[in-house]
Amino acid sequence: MKIYHNPRCGKSRQTLALIQEAGVQIEVIEYLKTPPAAEELDSILKKLKMEPCELMRKGEAIYRELKLAEKELSREEAISIMVAHPKLIERPIVIKGQKAVLGRPPENVKTLL
């Protein structure tokens, strides 16, 4: 399993704790330090069965600064923006094989355990 994690985020910490309590080996990726490449983010979105705009954190200052609510972005454009500004990526994302869930709420991860 992999978790795209932000240690400063309470939901991310709760999700990681649930996985660790289950005794599952997990690779922790601090995505703000090492953001996913565009191809990787595209793959993650497909596993989540989500579009890029659904995974964007609309409350972030950079979302407003870039006026993203006013733009019609292609999938590729949205992914590129998220890679360039990883704060826009909702977290935590947990992946197991070809399945992925967003840890909001943290209990979502139980479907992968």
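Residues numbered from 1 in each chain as written. Predicted model: local features only at pLDDT ≥ 70, side-chain atom pairs only at ≥ 80, totals over all residues. Heavy atoms only, no water.

### Looking at the side chain of Glu 90
Part 1: Mapping Glu 90 onto the fold places it in the loop between helix 5 (75-84) and strand 3 (93-96).
Part 2: Assessed through its relative accessible area of 15%, Glu 90 is described here as buried.
Part 3: There is a polar contact of 2.7 Å between the side chain of Glu 90 and the side chain of Arg 57.
Part 4: Aside from chain neighbours lying at most four places away, what touches Glu 90 is Leu 55, Arg 57, Leu 102 and Arg 104. (Helix = DSSP H or I, 4+ residues; strand = E, 2+ residues; numbered from the N terminus. Buried < 20%, exposed > 50% of the residue type's maximum accessible area, 1.4 Å probe, protein only. Polar contact = N/O pair within 3.5 Å; in protein donor to acceptor, adjacent residues only side chain to side chain. Contact = heavy atoms within 4.5 Å.)

### Comments concerning the side chain of Lys 47
Part 1: Secondary-structure assignment places Lys 47 in helix 2 (residues 38-48).
Part 2: Although buried, Lys 47 forms no salt bridge, and the nearest oppositely charged side chain, Glu 40, lies 8.2 Å from it. (Lys, Arg positive; Asp, Glu negative; His and termini not counted. Salt bridge = Lys/Arg side-chain N within 4 Å of Asp/Glu carboxyl O.)

### Observations concerning the nonpolar core
Part 1: If you look at the biggest cluster of nonpolar residues, it comprises 23 residues, and the most contacted ones within it are Leu 55 and Ile 93.
Part 2: Within the residue set of this core, elements represented by two or more residues are helix 2, helix 4 (61-65), helix 5, strand 3 and strand 4 (99-102).
Part 3: The contact partners of Leu 55, leaving out residues within four places of it in the chain, are Leu 41, Leu 45, Leu 48, Met 50, Met 82, Leu 88, Ile 89, Glu 90, Ile 93 and Leu 102.
Part 4: Grouped together as the second largest cluster of nonpolar side chains are 8 residues, Ile 3, Ile 19, Ile 26 and Val 109 included. (Core = buried A, V, L, I, M, F, W, Y, C linked by side-chain atoms within 4.5 Å.)

### Regarding the environment of Ser 43
Part 1: Within the fold, Ser 43 resides in helix 2.
Part 2: Residue Ser 43 is classed as partly exposed on the basis of its relative accessible area of 31%.
Part 3: Considering only alpha carbons, one finds Ser 43 and Lys 58, 15 residues apart in sequence, at a separation of 21 Å.

### A short note on the pattern of salt bridges
Side-chain pairs of opposite charge can arise where the charged atoms are in close proximity.
Part 1: Counted according to the given criterion, the structure contains 7 salt bridges.
Part 2: Note that Arg 57 is salt-bridged to Glu 90, the shortest N-O span being 2.7 Å. Of this pair, Arg 57 sits in the loop between helix 3 (52-55) and helix 4 while Glu 90 sits in the loop between helix 5 and strand 3, and the two are 33 residues apart along the sequence.
Part 3: Owing to a relative accessible area of 16%, Arg 57 belongs among the buried residues under this scheme.
Part 4: Ionic contacts of the salt-bridge type, sharing partners, join the residues Asp 42, Lys 46, Glu 51 and Arg 75 into one network.

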